[in-house]
Amino acid sequence: MSDAGTLAPPTLSAARRIAGVALASASGLAVAVQSRINGELGVRLADGFAAAVISFGVGLLVLLVLVPALPGGRRGLVALRRALAAGALRPWQCLGGVCGAFLVATQGLTIGSLGVAVFTVAVVAGQSGSSLAVDRAGIGPTGRQPVTRQRLAGAVLTVLAVGLSVADRLGDPGALALALLPLLAGVGIAWQQAVNGRVRMAAGSALTATLVNFVVGTVALLIAFGVDVAVRGGPTGHLPTEPWLYLGGPIGIVFIAIAAAIVRFTGVLLLGLATIAGQIVGAVLLDVALPTAASHPGPATLLGAALTMVAVLVAALAPPARR
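Predicted model only: the values in this text are computed from it and were never measured.

**A look at the overall build of the protein**
From N to C terminus, the protein includes 10 helices and 0 strands. Taking all 323 residues of the protein together, the buried fraction comes to 53%. Of the contacts made within the protein by residues no fewer than 6 positions apart, 87% connect residues no fewer than 24 positions apart. Summed over all atoms, the accessible surface of the protein reaches about 13100 Å², with 73% contributed by carbon and sulfur.

Dropping the structure here:
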């Protein structure tokens, strides 16, 4: 048994780590798209909290239909209840959705002003350091993992690479102040991925773990939205008619499910770095193909994206940690 009361983590193999990196990078691309969607939705509604509630709410509706309809989902719900009753899974380990809710809220609150690339660098800065701490503490399903030189080098190089990719925006004091929100969201992502991985192991179903994440996140967002309405009033914008602006939730389902399924093979740090690589590539492609007033892609951005991929390879090719 591990410190958190679950079964010992599986042995990590190079093939599983590489496959996990590929899946995580693909999910990172999806997160960049989700960020643009939720950011635009927040601009249309003139309310980032309302945009986050809609994003999480749509995802939750999809999962409430999908999970009970699938045999694996139903088995996962039964296994989850048994794990909680037996103490194999702690209630606090089911709260990863709070961090996901905060990330989605920051998308709607800041991307309209920061752009996807600057938003991403702030998330990266928080996520990289937090991932090291979470792995070291053994919160994730892989158990305790030492902070080796190669893993530390991958995290540091990732932050430097992403900083290079948006260097032309970092001189704006207003952007830096606003970037504190996604910075804090990045810190929470590592913890979210770790505990969601625990839920997935207990339930035996990535979709069930994703449902738990969305239930908790939606409740947290509804509370935050209620407080915001009481203080500032309701949204001043209007619900858009374009269907693509409501796809943030379903994209989030894919991201959370993949992360919950593969974190036991990659560890939190490597999962985070691979996701970051996908986010950077996706952010660059979006800012180049569909530029906004807040996006300014240039040669430094492209160089930073390439350097980020190198950083992920440095961490991915590190030998398995000794247990």
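**Observations regarding helix H3 (residues 71–86)**
Taking 1.5 Å as the rise per residue, H3 with 16 residues should run 22 Å; its terminal C-alpha atoms sit 23 Å apart, in good agreement. Taken together, the buried positions of H3 are Gly 73, Gly 76, Leu 80 and Ala 83. An end-on view of H3 places all buried positions within 80° of arc, on one side of the element. Exposed residues pointing more than 90 degrees away from the buried face of H3 are listed as Arg 75, Arg 81, Arg 82, Ala 85 and Ala 86. Where the residues of H3 are buried, they touch helix H2 (48–69), helix H7 (180–203) and helix H8 (206–232).

**Observations concerning the pattern of salt bridges**
Counting across every chain of the model gives 3 salt bridges. Glu 40 is the partner of Arg 44 in a salt bridge, and the nearest nitrogen-oxygen pair spans 2.8 Å. Separated by 4 residues within a single helix, Arg 44 and Glu 40 lie in helix H1 (residues 14–45), roughly one turn from each other. Classification of Arg 44 by relative accessible area gives partly exposed; the value is 30%. Taking the shortest distance from any N to any O, the salt bridge between Glu 242 and Arg 44 comes out at 3.1 Å. With Glu 242 in the loop between H8 and helix H9 (248–289) and Arg 44 in helix H1, this residue pair connects regions lying 198 residues apart in the sequence. You can call Glu 242 partly exposed: its relative accessible area is 26%.

**Some words on the packing of aromatic side chains**
Within this structure, the stated rule accounts for 2 aromatic pairs. For the ring pair Trp 92 and Trp 191, a centre distance of 6.3 Å and an interplane angle of 25° mean the geometry is stacked. Of this pair, Trp 92 sits in the loop between H3 and helix H4 (96–137) while Trp 191 sits in helix H7, and the two are 99 residues apart along the sequence. Given the relative accessible area of 37%, Trp 92 is considered partly exposed.

**Some points on the nonpolar core**
By size, the foremost hydrophobic cluster in this structure holds 16 residues, and its most contacted members are Ala 52, Phe 56, Leu 63, Leu 211, Phe 214 and Leu 221. Of all the secondary structure elements, the ones that give two or more residues to this core are H2, H4, H8 and H9. A total of 6 residues in this core trace back to one element, the largest contributor, which is H2. Not counting residues up to four positions away in its chain, the partners in contact with Leu 211 are Leu 60, Leu 63, Leu 64, Val 67 and Leu 77. Core analysis: the next-biggest nonpolar cluster, separate from the first, contains 13 residues, Val 21, Ala 194, Val 268 and Ala 274 among them.

**Considerations on the side chain of Ser 25**
Tracing the chain through its elements places Ser 25 in helix H1. When sequence neighbours within four positions are dropped, the list of residues in contact with Ser 25 reads Ala 274 and Gly 278.

**Observations concerning a nonpolar patch on the surface**
Taken together, Val 215, Val 219, Ile 223, Val 227 and Val 231 make up a surface patch of nonpolar side chains, about 450 Å² in accessible area. Locating Val 215 in the fold gives a position in helix H8. Of the residues examined, Val 215 reaches a relative accessible area of 36% and is grouped as partly exposed.

**Quick look at the confidence of the model for the protein**
Overall, the prediction assigns the protein a mean pLDDT of 80, with 82% of residues at 70 or greater. Ranking the elements of the protein by mean pLDDT puts helix H6 (residues 173–178) last with 69 and H3 first with 94. Overall, residues 1–11 carries pLDDT values under 50, and its contacts beyond four positions in sequence, including any with other chains, amount to 23 contacts.

**Digging into the packing of H8 against H9**
Viewed as axis vectors pointing N to C, H8 and H9 meet at an angle of 125°, and their least axial separation amounts to 8 Å. On the basis of their axis angle, the class for H8 and H9 is oblique. Helix-helix and strand crossings are classified by hand; for H8 and H9 the assignment is right-handed. Along the contact surface, H8 presents Ala 206, Leu 207, Ala 209, Thr 210, Asn 213 and Phe 214, while H9 presents Gly 249, Gly 252, Ile 253, Ile 256, Ala 257, Ala 260 and Ala 261. Here the contact of H8 with H9 is built from residues that sort into 9 nonpolar, 4 polar and no charged.

**What about the packing of H3 against H8?**
Running from N to C, H3 and H8 cross one another at 65°; their axes reach a closest spacing of 8 Å. The element H3 and its partner H8 pack so that their crossing is right-handed. On the side of H3, the interface is formed by Gly 72, Gly 73, Gly 76, Leu 77 and Leu 80, while H8 contributes Thr 208, Leu 211 and Val 212. Looking at side-chain class alone, the contact of H3 with H8 contains 4 nonpolar, 4 polar and no charged residues.

What counts and how
- Residues numbered from 1 in each chain as written.
- Predicted model: local features only at pLDDT ≥ 70, side-chain atom pairs only at ≥ 80, totals over all residues.
- Heavy atoms only, no water.
- Helix = DSSP H or I, 4+ residues; strand = E, 2+ residues; numbered from the N terminus.
- Buried < 20%, exposed > 50% of the residue type's maximum accessible area, 1.4 Å probe, protein only.
- Contact = heavy atoms within 4.5 Å.
- Areas by Shrake-Rupley, 256 points an atom, 1.4 Å probe, with all protein chains shown as cover.
- Expected span 1.5 Å × (residues − 1).
- Arc of directions from axis to C-beta.
- Salt bridge = Lys/Arg side-chain N within 4 Å of Asp/Glu carboxyl O.
- Phe/Tyr/Trp six-rings, centres within 6.5 Å; stacked < 30°, edge-to-face > 60°.
- Core = buried A, V, L, I, M, F, W, Y, C linked by side-chain atoms within 4.5 Å.
- Patch = residues over 30% accessible without salt bridge, like charges linked within 9 Å, V, L, I, M, F, W, Y side chains within 5 Å.
- pLDDT = per-residue confidence, 0-100.
- Axes fitted to C-alpha atoms, helices over the stretch in contact; angles between N-to-C directions.
- Parallel < 35°, antiparallel > 145°, perpendicular 65-115°, else oblique.
- Left-handed = near helix turned anticlockwise from the far one by under 90°.
- Nonpolar A, V, L, I, M, F, W, Y, C, P; charged D, E, K, R; others polar.

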